[in-house]
Amino acid sequence: MLDRLQAVEERYEKLNQLLMDPDIIGDPKKLRDYSKEQSDLSDTVEAYREYKSVREQIADAKAMLDDKLDADMREMVKEELSELQDQEAGLNEKLKLLLVPKDPNDDKNVIMEIRGAAGGDEAALFAGDLYRMYSRFAESQGWKTEVMEANSTGVGGYKEIIFMLTGKGAYSKMKFENGAHRVQRVPETESGGRIHTSTATVACLPEAEEVEVQIHDKDIRVDTFASSGPGGQSVNTTMSAVRLTHLPTMTVVSCQDEKSQIKNKEKAMKVLRARVYDKFQREAQAEYDQTRKLAVGSGDRSERIRTYNFPQNRVTDHRIGLTIQKLDQILEGKLDEVIDALIVEDQSSRLEQAES
């Protein structure tokens, strides 16, 4: 491990030199790539340098114990040595985790797709609850929320809503939301007071840059049609809505959220690029190792990952066996406790795999 850490520190110092090179400064792509690499290594280098400092202090403390010290001084050095050894153990575990390969998508923005599944209007209402929950969580993180496409129902929910969360580390936190979410509650329209179970599915896609997914114009069929739903006088009169079909994968994306056909096409392209990237990525992962699953679950969108039980104010994440009696707070966007627990479980799993 120490050899790897030394190599990381040497690479970090090399990057410092490169970023001062006039040729690199004049090359926007290299400057961006090297700056990102340096940023990714900074936490590891900082922890490694702290680790080396603590080990030096431990060596000094042990050397002092070999000297002739009075009883009080010896006791003080022993106490300091014990604290330093605890620090060393903690830093050792931290460094192991920092050396585990990072998900390359973690720093990206995320495109989220929520769809009402089983349960009719109640499922659509629950999809709306999930959208509001994620929007409020995004606000607490300082992220921007932008609706890409929404298919609302007359009762206030969504058959489908697609939106982008833009902000540092958005995908790293939201990727665990992939899957089927189940709600248990008494619908407002239910006169008998019976508890109904409905579901909504959530898909989280990392935003793909053009350099990552090459989508050629010749591979896209563009259809335009009149928009429908809320939108003022332009609804049903202008061909502003856009449908894109990626012919090689038959991936279809529609967008009618904007009055401008150009803006709708731009939004649709973002979603299309993310879906195609996600498809290629999942196929590559399946080919690499079909049996590999993280402890927090496969992330498959058909997998039931969480239950929201209204009568008991309870949320249960089935992948890690976490139950929290704070449903009301979680629906207000206070998701940190759940997401932090999933991140810890994921990191532990990655560490175990790296060590084995």
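Residues numbered from 1 in each chain as written. Predicted model: local features only at pLDDT ≥ 70, side-chain atom pairs only at ≥ 80, totals over all residues. Heavy atoms only, no water.

- Per an unreviewed UniProt entry, the protein chain goes by the name Peptide chain release factor 1 and belongs to Metabacillus mangrovi.
- Taken verbatim from the UniProt record of the protein chain, the Function (unreviewed entry) comment is "Peptide chain release factor 1 directs the termination of translation in response to the peptide chain termination codons UAG and UAA."
- You can read under Sequence similarities (unreviewed entry) in the UniProt record for the protein chain the words "Belongs to the prokaryotic/mitochondrial release factor family." (UniProt positions renumbered as here; feature names shortened; annotations may be inferred.)

**Examining the overall build of the protein chain**
- For the protein chain, the count of helices and strands is nine helices and eleven strands.
- In the protein chain, buried positions account for 41% of the 356 residues.
- Counting contacts in the protein chain only where the partners sit at least 6 residues apart, residues at least 24 apart contribute 62% of the total. (Helix = DSSP H or I, 4+ residues; strand = E, 2+ residues; numbered from the N terminus. Buried < 20%, exposed > 50% of the residue type's maximum accessible area, 1.4 Å probe, protein only. Contact = heavy atoms within 4.5 Å.)

**A short note on the sheet that holds strand E8 (residues 251–255)**
- With antiparallel pairing, three strands are arranged side by side in an open sheet as E6-E7-E8. The open sheet has two edge strands with one neighbour each: strand E6 (220–225) and E8. Between one strand axis and the next, the sheet turns by 15° as a mean value, whatever way the strands run.
- Inspection of the sheet shows E6 paired to strand E7 (residues 241–246) by six bridges, in the antiparallel sense. Across the sheet, residue Ile220 finds its bridge partner in E7, namely His246. (Pairing = 2+ DSSP bridges. Axes fitted to C-alpha atoms, helices over the stretch in contact; angles between N-to-C directions.)

**Some details on the environment of Phe225**
- When you line up the elements, Phe225 lands in strand E6.
- The partly exposed category is assigned to Phe225, whose relative accessible area is 22%.
- Residues Phe225 and Ala241, 16 residues apart in the sequence, show an inter-C-alpha distance of 5.2 Å.

**As for unusual backbone geometry**
- One non-glycine residue, Met250, lies in positive phi territory at about 55°.
- Tracing the backbone shows Met250 in the loop between E7 and E8.
- The residue Asn313 is not glycine, and still its phi comes out positive at about 50°.
- Inspection of the secondary structure assignment puts Asn313 in the loop between strand E9 (304–309) and strand E10 (314–317).

**Things to note about a nonpolar patch on the surface**
- Together, Met64, Met73 and Met76 give the surface a local cluster of nonpolar side chains, amounting to about 280 Å² of exposed area.
- Taking the relative accessible area as the measure of exposure, Met64 reaches 35% and is therefore partly exposed. (Patch = residues over 30% accessible without salt bridge, like charges linked within 9 Å, V, L, I, M, F, W, Y side chains within 5 Å. Areas by Shrake-Rupley, 256 points an atom, 1.4 Å probe, with all protein chains shown as cover. Salt bridge = Lys/Arg side-chain N within 4 Å of Asp/Glu carboxyl O.)

**Focus on the packing of aromatic side chains**
- Evaluated as defined, the whole model comprises four aromatic pairs.
- A centroid spacing of 5.3 Å and a plane angle of 70° characterise the contact between Phe126 and Tyr308, whose relative ring orientation is edge-to-face. Remark: Tyr308 occurs in strand E9 and Phe126 occurs in helix H5 (residues 121–141); sequence separation between them is 182 residues. For the pair shown, Phe126 and Tyr308 are each scored as buried.
- Judged by centre distance (5.7 Å) and plane angle (85°), the ring pair of Phe137 and Trp143 falls under edge-to-face. Just as Phe137 is buried, Trp143 falls in that class too.
- Aromatic rings pair up to connect Tyr131, Tyr158 and Phe163 into one cluster. (Phe/Tyr/Trp six-rings, centres within 6.5 Å; stacked < 30°, edge-to-face > 60°.)

**Some thoughts on helix H3 (residues 28–66)**
- For H3, spanning 39 residues, the distance from its first C-alpha to its last is 56 Å, which sits close to the expected 57 Å at 1.5 Å a residue.
- The largest bend along H3 measures about 40° and falls at Ser42.
- All buried positions along H3 are accounted for by Gln38, Leu41, Thr44, Val45, Ala47, Tyr48, Tyr51, Val54, Ile58, Ala61 and Leu65.
- In this structure, the buried side of H3 is in contact with helix H1 (2–18) and helix H4 (71–99). (Expected span 1.5 Å × (residues − 1). Bend = angle between axes of the 7 residues up to and from the residue.)

**Quick look at the layout of surface pockets**
- Considering only enclosed or pocket space, the largest pocket measures out at about 1500 Å³ in volume.
- Asp40, Lys102, Asp103, Asp106 and Asp107 are, among the 41 residues lining the largest pocket, the residues nearest its centre.
- Only H1, H3, H4, helix H6 (170–174), helix H7 (261–288) and helix H9 (336–355) provide two or more residues apiece to the lining of the largest pocket.
- The greatest single-element share of the lining of the largest pocket, amounting to eleven residues, is contributed by H3.
- In terms of residue class, the lining of the largest pocket is built from twelve nonpolar, eight polar and 21 charged.
- A domain-level breakdown of the lining of the largest pocket finds at least three residues from each of domain 1 (1–99) and domain 2 (110–210 + 299–355). (1 Å grid on protein atoms, 1.4 Å probe; cavity = no way out; pocket = protein on both sides within 12 Å on 5 of 7 lines; lining within 4 Å. Points joined across faces, edges and corners; volume = space filled by probe spheres on them. Nonpolar A, V, L, I, M, F, W, Y, C, P; charged D, E, K, R; others polar. Domains from an automatic or database assignment.)

**A closer look at the pairing of strand E1 (residues 110–116)**
- Extensive coverage of E1 is indicated by the burial of five of its seven residues.
- As defined by bridge partners, E1 adjoins strand E3 (residues 158–166) across six bridges and the pair is classed as antiparallel. In the strand pairing of E3, Glu113 is matched with Ile162.
- Of the pairings in the sheet, the one linking E1 to strand E5 (residues 196–206) comprises seven bridges and is antiparallel in character. What sits directly across from Val110, in E5, is Pro206.

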